[in-house]
Amino acid sequence: MKPALVLVGRPNVGKSTLFNRLTRSRDAIVADIPGLTRDRHYGQGRLGDKPYLVVDTGGFEPMVTEGILHKMAEQTRQAIDEADMVLFIVDGRTGLTPHDKIIAGQLRKTGRKIILVVNKTEGMTSSAVTAEFHELGLGDPCAISAAHGDNVNDLVELALANFTLPHENEEIENHPKIAIVGRPNVGKSTLVNTLLGEERVIAFDQPGTTRDSIYIDFDRNGRHYTLIDTAGLRRQGKVIETAEKFSVIKTLQAIEDANVVVLVLDAKNEISDQDAHIAGFILEAGRALVLAVNKWDGLEDYQRDTIKSAIARKLSFLLNFAKVHYISALYGTGMKGILPSINAAYAAAMARLPTPKLTRALLAAVEKQQPPRAGVSRPKLRYAHQGGSNPPLIIIHGNGLDRVPQTYQRYLENMFRESFQLEGTPLRVEFRTGS
Ligand code: GDP
Ligand code: GDP
């Protein structure tokens, strides 16, 4: 699993600046997707071949006992509990403050692994600026400048030093690994029960924290599957998941660890920002996806129309590849198509696309519609090959490709999707000029 780095510190020390820098590597991938809602508090990054998750806790007001700030503090506490590494940020220009000391005291009590990060140290001698922070008793401070990027890679390297690389699941897993995700109460555990039927007897009293998903292996129609069940802690067979205990980190890690995600939505409620954030994450992670619109039972036609148009409006960026199923997990209706869609999405995500076939499809598409002229010349698309899978990555070689407009890139994406039956998976098309 990808380690979760959690940023903690009082307001204005530079947490969101650092967050943006740590997650920038992924931005390029999704920057141009219309309608995608991103959650500013959760992001993904990569240092070399080491991927990680980043959580920005916003603020930390340990003294407040009620109201919205108290709620935030609760969320911060949960994020800290679930952190693989806490990055405690202080401000090297302001120096050590009483507020920092209070936070440090609370952090020490949690027993989590902590790195003390002194920010805003550009142009300063790091030993001089970090000296006073030793008093916090959190070990050697690491001096960085989030705004300028100084030392940020070293910080990440330090933070990730003790985590082994998650293996690339496409090489090792050769069966669908399905994460069932969605916000609280949409019906995830009901769906898991319905999917598994009798097999659900498997060990339920697994110990764990809020953040552990449950992995369940099962066989169906001669195929092997692993279900990643994110639906909360179970005690004595009872599912405990309240809105407060919903773990975003767990959801993100399950998405990353899966090769197919089932996003469960609740047709009896509105499509919320939280739904859209989770959806954005699935897309960002490049995971194959099946949408399950649950609680389809007992709705009037107009209600069904309302929810369909809300999905079209808010989750449009999923609909060009994900199959949608309208189900009732509780009554078991609409379920027949789910596993076949999962199989198809898995096959698409893992598809092997031979260079000659890709190139033939590319050239046929160019013949049908040329890319627009850019300046004096027209971009020249020569051949295509597959650069990766899960999600499939198609690399197009040629000349002047940096001038191919996004609309044309979409045209090619859609063409590849159709030609190679890549339904259910995101698809990435990259251009490489020269070779
Ligand atoms: P947050 O409240 O902890 O999320 O802090 P922000 O990231 O919003 O940053 C607070 C202020 O500090 C902003 O004006 C940033 O531009 C500034 N800032 C952040 N990082 C640095 C840095 O490395 N050097 C300097 N000089 N300013 C920084
Ligand atoms: P989770 O928090 O996402 O795991 O959601 P649960 O599976 O615990 O379901 C939350 C509530 O929704 C429970 O009361 C379920 O009985 C109910 N529920 C789940 N699926 C359906 C469904 O298809 N139709 C209806 N009407 N209720 C459902």
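Just above sits the structure.
What counts as what
- Residues numbered from 1 in each chain as written.
- Chains lettered and ligands numbered in written order.
- Predicted model: local features only at pLDDT ≥ 70, side-chain atom pairs only at ≥ 80, totals over all residues.
- Heavy atoms only, no water.
- Helix = DSSP H or I, 4+ residues; strand = E, 2+ residues; numbered from the N terminus.
- Expected span 1.5 Å × (residues − 1).
- Buried < 20%, exposed > 50% of the residue type's maximum accessible area, 1.4 Å probe, protein only.
- Arc of directions from axis to C-beta.
- Near = heavy atom within 4 Å.
- Polar contact = N/O pair within 3.5 Å; in protein donor to acceptor, adjacent residues only side chain to side chain.
- Areas by Shrake-Rupley, 256 points an atom, 1.4 Å probe, with all protein chains shown as cover.
- Nonpolar A, V, L, I, M, F, W, Y, C, P; charged D, E, K, R; others polar.
- Contact = heavy atoms within 4.5 Å.
- Pairing = 2+ DSSP bridges.
- Axes fitted to C-alpha atoms, helices over the stretch in contact; angles between N-to-C directions.
- Phe/Tyr/Trp six-rings, centres within 6.5 Å; stacked < 30°, edge-to-face > 60°.
- Lys NZ or Arg CZ within 6 Å of the ring centre and 35° of its normal.
- Left-handed = near helix turned anticlockwise from the far one by under 90°.

*Asks:* What is the right way to look at helix α10 (residues 301-314) in this model?
*Replies:* An α-helix turns once per 3.6 residues; consequently, residues spaced three or four apart project the same way. Look at α10: 20 Å from first C-alpha to last across 14 residues, which is about the 20 Å you get at 1.5 Å a residue. What α10 keeps buried is the set I307, A310 and I311. Angular distribution of buried residues about the axis of α10 spans 100°; they occupy a single face of the element. Turned more than 90 degrees off the buried face of α10, the exposed positions are D301, Y302, D305 and R313.

*Asks:* Looking at this model, I keep getting lost on the site of ligand 1. Mind explaining?
*Replies:* Taken together, 14 residues lie near ligand 1, and N12, K15, S16, T17 and E122 sit nearest. Between ligand 1 and N119 there is a distance of 3.2 Å, counted from a nitrogen atom to a side-chain nitrogen or oxygen. In isolation ligand 1 has 580 Å² of accessible area, and contact with the protein removes 68% of it. The element that contributes the greatest number of residues to the shell around ligand 1 is helix α1 (residues 15-30), accounting for three residues. When the residues that make up the shell around ligand 1 are grouped by side-chain class, the tally is four nonpolar, six polar and four charged.

*Asks:* Please clarify how the side chain of Q386 should be interpreted in this entry.
*Replies:* Take Q386: it is sitting in strand β15 (residues 380-388). At 2.7 Å, the side chain of Q386 forms a polar contact with the backbone nitrogen of L353. Looking at Q386, its side chain comes within polar contact range of the main-chain oxygen of G388, at 3.1 Å. Other than its neighbours up to four places away in sequence, Q386 contacts A351, R352, L353, L358, P392 and L393.

*Asks:* Looking at this model, I keep getting lost on the site of ligand 2. Mind explaining?
*Replies:* Taken together, 17 residues are adjacent to ligand 2, and N185, K188, S189, T190 and D297 come closest. The contact in question runs from an oxygen atom of ligand 2 to an N or O atom on the backbone of V186, over 3.3 Å. Within the side chain of S328, an N or O atom sits 3.1 Å from an oxygen atom of ligand 2. Computed on the free molecule, ligand 2 has an accessible area of 580 Å², of which 77% lies beneath the protein chains in the complex. A total of three residues in the shell around ligand 2 trace back to one element, the largest contributor, which is helix α7 (residues 188-196). Partitioning the shell around ligand 2 into residue classes produces five nonpolar, six polar and six charged.

*Asks:* Just checking my understanding: could you explain the sheet that holds β15 for this structure?
*Replies:* The strands making up a sheet associate through hydrogen bonds between their backbones, and the pairing can be parallel or antiparallel. Strand order in the open sheet made by the three strands is β15-β16-β17, with mixed pairing throughout. At either end of the open sheet lies a strand with only one pairing partner, and these are β15 and β17 (428-433). The average undirected angle you get between the axes of adjacent strands in this sheet is 25°. Looking at chain direction, β15 and strand β16 (residues 393-399) are connected through seven bridges and run antiparallel.

*Asks:* So what exactly am I meant to see when it comes to helix α5 (residues 152-160) here?
*Replies:* For α5, the complete set of buried residues consists of V152, L155, V156, A159 and L160. Along the axis of α5, the buried residues cluster in a sector spanning 125°; they form a single face.

*Asks:* Help me understand the environment of L330 in this model?
*Replies:* When you line up the elements, L330 lands in the loop between β14 (323-326) and α12 (338-349). Residue class for L330 comes out exposed when judged on its relative accessible area of 62%. It is 44 Å that separates the C-alpha atoms of L330 and I395, two residues lying 65 residues apart in sequence.

*Asks:* What am I meant to see in the packing of aromatic side chains here?
*Replies:* Aromatic ring pairs: the centre-centre distance and the angle between the two ring planes describe each pair. Overall, the coordinates contain four aromatic pairs when judged by the stated rule. Ring geometry for F218 against Y225: centres 5.2 Å apart, planes inclined by 15°, an arrangement best described as stacked. Judged on exposure class, the residue F218 and its partner Y225 are both buried. A centroid spacing of 4.4 Å and a plane angle of 35° characterise the contact between W296 and Y326, whose relative ring orientation is tilted. Taken together, the positions of W296 in the loop between β13 (288-294) and α10 and Y326 in strand β14 put the pair 30 residues apart, joining distant regions of the chain. Overall, W296 belongs to the buried group, its relative accessible area being 12%. A cation sits over an aromatic face here: K308 above Y326, 4.9 Å from the ring centre.

*Asks:* In this structure, what is going on with the sheet that holds strand β8 (residues 214-220)? I would like to understand it.
*Replies:* Pairing is mixed across the open sheet formed by six strands, whose spatial order is β8-β9-β7-β12-β13-β14. Pairing within the sheet leaves two strands with one partner each, and these edge strands are β8 and β14. Pairs of neighbouring strands in the sheet enclose a mean axial angle of 25°, with direction left out of account. Sheet topology places β13 next to β14; four bridges connect them, and they run parallel. Looking at β14, one finds that L291 is bridged to V324. Helix α9 (residues 273-285) contacts β7 (177-181), β12 (260-266) and β13 of the sheet and is inclined by roughly 170° relative to β12.

*Asks:* Can you walk me through the packing of helix α8 (residues 248-257) against α9 in this structure?
*Replies:* Angle between the axes and distance between the axes are the two parameters that describe a pair of packed helices. For the pair α8 and α9, the least separation of the axes is 10 Å and the interaxial angle reads 30°. The crossing of α8 and α9 is right-handed. Judged by residue contacts, T251, L252, I255 and E256 of α8 engage I278, F281, I282 and A285 from α9.

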